[in-house]
2 protein chains.
Amino acid sequence: MDINSNRVENFSGPACLQTTTGTVVTIPLDMAMPPLQVHKVALPQPRTTVQKLRHRLSEIFFPDDPLHKFKNQTWYRKLVLGLQFFFPIFQWAPNYSFKLLKSDVISGLTIASLAIPQGISYAKLANLPPIVGLYSSFIPPLIYSVLGSSKHLAVGPVSIASLVMGTMLSESVSYSEEPILYLQLALTATFFAGLFQASLGFLRLGFIIDFLSKATLVGFMAGAAVIVALQQLKGLFGIDHFTNKMQLIPVLSSVFHHRDEWSWQTIVMGVSFLVLLLTTRQISIRKPKLFWVSAAAPLASVILSTILIVCLKSKVHGIQTIGHLPKGLNPPSLNMLYFHGPHLALSMKTGIVTGILSLTEGIAVGRTFATLKNYQVDGNKEMMAIGLMNMAGSCSSCYVTTGSFSRSAVNYNAGAQTVVSNIIMATAVLVTLLFLMPLFYYTPSFILAAIIITAVIGLIDYWAAIRLWKVDKLDFLACMCSFLGVLFISVPLGLAIAIGVSIFKILLHITRPNTAVLGNIPSTQIYQNLNRYREAVRVPSFLILSVEAPIYFANSTYIQERILRWIREEEEWIETNNRNSIKCVILDMTAVTAIDTSGIDTIKELRKLLEKRSLKFVLANPVGSVMEKLHQSNILESFGLEGLYLTVGEAVADISSLWKAQP
Amino acid sequence: MDINSNRVENFSGPACLQTTTGTVVTIPLDMAMPPLQVHKVALPQPRTTVQKLRHRLSEIFFPDDPLHKFKNQTWYRKLVLGLQFFFPIFQWAPNYSFKLLKSDVISGLTIASLAIPQGISYAKLANLPPIVGLYSSFIPPLIYSVLGSSKHLAVGPVSIASLVMGTMLSESVSYSEEPILYLQLALTATFFAGLFQASLGFLRLGFIIDFLSKATLVGFMAGAAVIVALQQLKGLFGIDHFTNKMQLIPVLSSVFHHRDEWSWQTIVMGVSFLVLLLTTRQISIRKPKLFWVSAAAPLASVILSTILIVCLKSKVHGIQTIGHLPKGLNPPSLNMLYFHGPHLALSMKTGIVTGILSLTEGIAVGRTFATLKNYQVDGNKEMMAIGLMNMAGSCSSCYVTTGSFSRSAVNYNAGAQTVVSNIIMATAVLVTLLFLMPLFYYTPSFILAAIIITAVIGLIDYWAAIRLWKVDKLDFLACMCSFLGVLFISVPLGLAIAIGVSIFKILLHITRPNTAVLGNIPSTQIYQNLNRYREAVRVPSFLILSVEAPIYFANSTYIQERILRWIREEEEWIETNNRNSIKCVILDMTAVTAIDTSGIDTIKELRKLLEKRSLKFVLANPVGSVMEKLHQSNILESFGLEGLYLTVGEAVADISSLWKAQP
């Protein structure tokens, strides 16, 4: 006896099945009928509204169950775990060894050699004094090393946040005319960025940054990189008068409008160093083991170019240099925070936008390297660490900092083992601040421009964009929207458009969900899309439909119309092909993951409509939450026991046997 | 031989199953193994990007396949069908009979007796001359009867749209100081409302109004009804000076601030008539057959109260009456449309908001009665009909009209058979306009106030709100947001907040989807939530998880964290209960209805993470679109053939047999 055939037998009311193409599969009927097994659809365990709310809130705010380690522990152990929870340094410090230190010193010095020139450059990108970039590479890494849980994050100023802060602030306040006010606003914005980041972490609202999808970020970063790179043409070409605007067209027209200011000596030297830096970057990309080539190149270029300028200073004139930088540690800046007056709204807005962006970068970098080395980074804790580090930074003359993409990669490749590499880097910056500042006097501006261009070019990820196009056209659209929005409109608006497109995509999927007619795969209990599975066959007298989305107000009308259309089309097909007419419509609810009151009304209405046309309408396999709502709305009473089945297969079998019993 | 046990046998690597409570179910192993059947997961049929785009667009814009009737028809037939498509009058007119006419005359006269007093009242609600309300009950119903496809819609001015237009316009322009400008703006807003409605229909964007969920509308209409009713205290108490504002607090304080203006004669008569009208309303609600009681009451009250005032006019003073109304038909008003100047933006905004609201009401009413009488109303065609009727109305001194909830119900109860009842009603209004206008001279304002209060009280639907609370707390929240928003902030903002809450609800479901551990229901191939089905049992060495939402950028981090937490918790459970450790994690993708690039990255990363922990990770039953994306992203190559199964059952069976082969 063929053991598998019993499954088909279960429902074979008529003795044949029609395939999509019309051929008829005959099923042996000459065997004993197995006992029909119909399982009841269970309601989820009854819970009170408060229990449901508590469950919901814990899923929203504590999906990772952060306190699970504390369960069933002694008080002393709980204290130790609590300390480790809030200050991850207590986790790794007890086991820290000389071997780890050796790796951390090498990687720390490597990222310091990157951080010092990048710090100076990025501060200029934010229209801040270069020294602020070094201050920001000293205090924040130290604080992060106490609070942060990522082992590989290299903390300091980053290009995107610097650019955005520079753009947003200089739209209202001129950094050249009111440098003190501008610095005050930048520090205040940093404070708000930190406050916002820490609150997101503290309130466990970290999922908000998930709404910046990868697709959006690819476009955003590419757009920002293009803008930043073009802005650097100012330094690279030695132009004195340059636009404050950030859009593609004003920047380009400014470059060509001031052709008389182009200095050929600057251009020759700048472009040479740029080519050198890009070459070292390519070398490190091709051979990851040679990461130190590109890591050391910026500092080497700074030293080389400074020496070059010192040698040439009697011969060549008009090359912009950094000039005098004050020696000494970060001065306190609590008194410069600015919590009143007309610019408060601006600094809050700037703080929130740069806060979100730097947070996104920091968390993404942290997660990337955590996955590579197989450890966990707690998003909400990281947010608190980054936020507190920025709040502390704003009181010690630092501007917005986070974990940098490029420097963290160098840190990882240089073999960093713990966050101590950040302490080493901060120490190197400390030495620079205390003793080496005068050496930067003759460092030319073009080398800073070349360093920035080299760094931001890495943010343009063609391959990611191509992959988006290949896999998901709507993701690609979101990517292009944020790219073009940043390039032609403005940074915050570009970002807003991109988020809008991403949300629109979600809504579109809900508004127009996929529906399909299912057929049975012979000798199984599997029901699958007839269009997709050629082996699937129609079950005579049944129309089995599946809806692949929650049924909400936004799609209930569509789903009702679409189901009626499926029935109409099926009836037309039956008429032209002379088949048995439909007697029962089964709605497979497996993928209907939620339902609201509009959806319930739709189900009710469909049932009424189909009843008037003498069609039976049954539901199969509603998920827990849907079942609960169907129950609460008393719709189940109208369906009765025979209107609800655990699987499509059982529905078909049971209804067929009912028909046989009452022909 | 037990035929059903072979299904369990399929996967019974170890010879026992663990139930949730820890008891062990032993399965007979003493029978022949059936041949293992593993089905391949099929890709959807390959389609080009253009084909996919076309399919997507046709689902978005033509889900009802409106041209299906035209297929395989002769040219002549196509012409006839086309005429009937654009002018539904050609569908029913040829079969129109005297019997139908009789029903339509009765129902037409019934709704006319409601429409005349309500038209005058609603025009006052919109701060327009009362005569405009009658004009609006004449031309638009005639146009609708040619274009509209609902048989029961009673067309004319409605309370909500009148209120919203009155509020929005009078915030910028005073209707008492600049009545001509105000009228111009109202007509222009009507034109824009019509244009917007017709464009939505023409561009087949009708689904936009679906975003006003029923929950939102329940709250919105209740809030608007409260505001409207309180505003009527002006007329009911005979107050002269009254606030223009629409929020609860200013209206109430205005009522009590002007206590010295209260006129006790007005109050006594007004409240008496209000009680009368409310009583007739209750009678008709209790006994639907007596619908004519409440339908005739407003006109009867108008006549009675007018006679009363005429009789008392020498004795009682200071009762506000309608006063002089011009006789004659709608004057043309094309020259009053106002397409330039400072108020253009205002009239466009007002037009769009009132347009959406009146459209929502009209479509909802049309659909309700179509379902009751089992005919179809095409949403997009209705939108074009309503839009064209408003555009034509704006050129003939009419303001925004649509199908009214209350009058359509009366129309239906009075036995309307076709849209001819609208023509009868328009004829009755015509007679009124031509001959009966002077009779309204002494009609008191309090009776209009009483009519409006009686009409809008029907919009407050306690039961719907209670039902929302019972079935869906978040729907109730959206309802309360729009209710309180309208009451305390403003009508458009209340609406915007409610739409925001509804969309937030969708996003919340996506951001924090349900995940569950599945178990097998013994002697079946069914895998269900272990928490929900007590009979379901864990499959040893397997952890079977299901995710009930698309995997998107907005939830990919959460899903990854949640899956890792399930694994951690399962391992802890296994440790305390001394069971076989997990060797394979199966992710049931049945309810994952879509995936984007972030989701694919999550799947990849999960696979990497689990591989490092020596756990096998396989997917079961991805839907068509997900399968397509998995294929395009080349992730399937890394999974290999054994990483993808059509059902959980086959995955369990196949992997168990592999383990047996290579112990």
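Structure: see above.
Residues numbered from 1 in each chain as written. Chains lettered and ligands numbered in written order. Predicted model: local features only at pLDDT ≥ 70, side-chain atom pairs only at ≥ 80, totals over all residues. Heavy atoms only, no water.

Section: the nonpolar core
In this structure, L128(B), F220(B) and L236(B) are the most contacted members of the largest nonpolar core, which totals 94 residues. The leading source of residues in this core is helix α9 (residues 179-202) of chain B, at eleven residues. With near-sequence residues (within four places) excluded, L128(B) lies in contact with A123(B), Y182(B), L183(B), A186(B) and Y399(B). Y135(A), Y338(A), F440(A) and V491(A) belong to the second-largest nonpolar core, a separate cluster that totals 93 residues. (Core = buried A, V, L, I, M, F, W, Y, C linked by side-chain atoms within 4.5 Å. Buried < 20%, exposed > 50% of the residue type's maximum accessible area, 1.4 Å probe, protein only. Helix = DSSP H or I, 4+ residues; strand = E, 2+ residues; numbered from the N terminus. Contact = heavy atoms within 4.5 Å.)

Focus on the relation of the copies chain A and chain B
Here the second copy of the chain follows from the first by a rotation about an axis and a shift along it. With an RMSD of 0.1 Å, chain A superimposes on chain B once it is rotated by 180° and translated 0.0 Å along the axis. What we have between these two chains is a two-fold relation. In terms of C-alpha distance to the rotation axis, chain A has A591(A) as its closest residue, with the C-alpha 2.1 Å off the axis. Of the residues that chain A buries at the interface, 100% are likewise interface residues in chain B, meaning the two copies contact each other through the same surface. (Least-squares fit on C-alpha atoms with pLDDT ≥ 70 in both.)

Things to note about the pattern of salt bridges
Taken as a whole, this structure holds 24 salt bridges over all chains when the rule is applied. The residue E571(A) makes a salt bridge to R613(A) at a minimum N-O spacing of 3.4 Å. Of the two residues, E571(A) is situated in helix α23 (residues 556-577) and R613(A) in the loop between α24 (597-612) and β10 (616-620); the sequence distance between them amounts to 42 residues. A relative accessible area of 30% places E571(A) in the partly exposed class. Across the salt bridge formed by R467(B) and D601(A), the nearest N and O atoms sit 3.0 Å from each other. Taken together, the positions of R467(B) in helix α20 (residues 462-471) and D601(A) in helix α24 put the pair across two chains. A residue is classified by how much of its surface remains accessible, and R467(B), at 28% relative accessible area, is partly exposed. Linked through salt bridges whose partners overlap, the residues forming this network are D472(A), D475(A), K505(A), D596(B) and K629(B). (Salt bridge = Lys/Arg side-chain N within 4 Å of Asp/Glu carboxyl O.)

What to know about the interface of chain A and chain B
With 102 residues of chain A at the interface, the matching set in chain B holds 103 residues. Both sides together, the interface formed by chain A and chain B hides about 9300 Å², and carbon and sulfur atoms give 53% of it. Interface area lost by chain A to chain B is led by R512(A), R532(A) and F553(A), which between them contribute 8%. Taken together, the links from chain A to chain B amount to ten salt bridges. The partner of D596(A) in a salt bridge is K505(B), and the shortest N-O contact between them spans 3.8 Å. The interface formed by chain A and chain B holds 25 residue pairs in polar contact (both at pLDDT 80 or more) in total. (Buried area = accessible area lost by both parts, 1.4 Å probe. Polar contact = N/O pair within 3.5 Å; in protein donor to acceptor, adjacent residues only side chain to side chain.)

Quick notes on helix α27 (residues 648-661) of chain B
Note on helix geometry: an α-helix contains 3.6 residues per turn, so any two residues three or four positions apart are oriented the same way. All names here are of chain B. The end-to-end C-alpha separation of α27 is 20 Å, in line with the 20 Å expected for 14 residues at 1.5 Å each. Among all positions of α27, only V648, G649, E650, A651, V652, A653, D654, I655 and S656 are buried. Summarising the contacts, the buried residues of α27 are in contact with β6 (527-529), β8 (542-547), β9 (584-588), β10 (616-620) and β11 (644-645). (Expected span 1.5 Å × (residues − 1).)

A few points about unusual backbone geometry
All names here are of chain B. Within the chain, R204 stands out as a residue other than glycine whose phi angle is a positive 55°. Note that R204 resides in the loop between α9 and α10 (214-231). In the Ramachandran plot, S541 falls in the positive-phi region, its phi being about 70° despite a non-glycine side chain. Since its relative accessible area comes to 10%, S541 is described here as buried.

Everything listed is a geometric property; what it means functionally is a separate question.
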